[in-house]
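# Inside the fold
Listed below are the residues making up each chain.
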Amino acid sequence: QVQLVESGGGLVQPGGSLRLSCAATGSIPSFNTMGWYRQTPGKQRELVASVTSALITTYTDSVKGRFTISRDNAKSTFYLEMNSLKPEDTAVYYCRITGWPGRGDYWGQGTQVTVSS
């Protein structure tokens, strides 16, 4: 029903910035959470940031003050603005939309973010 396409990943120097986008097609449940996750080899996938349809946001402690999640409902797209990037931010980033209650769980294919000098 819902397909997510990610873009914006790449190679960036420490201290640099990137903006990831996640564009959705299909029928998105009215009540939902949109989120960004990341995964590094040897570690479990972790939540980076999320925003609900009521615009409540959450961030993992390591990115607070550096990353910002936002959503554009008219474009069915949401974003992750990443500033002051650190090498430890290197990971594959995945976007996700979860509908509530029990209205679906959809993942993007992932985009590589590499922070290196």
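Before going into details, it helps to say that this report is about the structure given with it. (Residues numbered from 1 in each chain as written. Predicted model: local features only at pLDDT ≥ 70, side-chain atom pairs only at ≥ 80, totals over all residues. Heavy atoms only, no water.)

## Focus: the pattern of salt bridges
Going through the model one piece at a time under the given rule, you end up with five salt bridges. Here D61 ties to K64 by a salt bridge, and the two come within 3.0 Å at their closest N and O atoms. Judged by relative accessible area, D61 falls into the exposed class, the value being 60%. For K64, a relative accessible area of 49% translates into the label partly exposed. Each of R38, E46, R66 and D89 takes part in salt bridges that share partners, so that together they form one network. (Salt bridge = Lys/Arg side-chain N within 4 Å of Asp/Glu carboxyl O. Buried < 20%, exposed > 50% of the residue type's maximum accessible area, 1.4 Å probe, protein only.)

## Some thoughts on the environment of S30
Looking at the element boundaries, S30 is found in the loop between β3 (18–25) and β4 (32–39). Sequence spacing of S30 and W100 is 70 residues, and the spatial spacing of their C-alpha atoms is 8.2 Å. (Helix = DSSP H or I, 4+ residues; strand = E, 2+ residues; numbered from the N terminus.)

## Section: the pairing of strand β11 (residues 111–115)
Side chains T111, V113 and V115 project from β11 onto a buried face, and the interleaved Q112 and T114 project onto a face without burial. Across three bridges, the pairing between strand β2 (residues 10–12) and β11 is parallel. Of the residues in β11, the one forming a bridge with V12 is V115. Strand direction decides the pairing type here: strand β9 (residues 91–99) and β11, joined by three bridges, are antiparallel. Paired with A91 across the bridge in β11 is V113. (Pairing = 2+ DSSP bridges.)

## Side note on the nonpolar core
Core analysis: the largest hydrophobic core is formed by 26 residues, its most contacted members being L4, W36, F67, F78, L80, M82 and Y93. Of all elements in the fold, only β3, β4, β5 (46–52), β7 (67–72), β8 (77–82), β9 and β11 reach the threshold of two or more residues within this core. Filtering out sequence-adjacent residues up to four positions away, Y93 remains in contact with E6, L20, W36, Y37, R38, V48, F67, L80, M82, G110, T111 and V113. (Core = buried A, V, L, I, M, F, W, Y, C linked by side-chain atoms within 4.5 Å. Contact = heavy atoms within 4.5 Å.)

It is worth stressing that arrangement in space is one thing and function is another; only the former is reported here.
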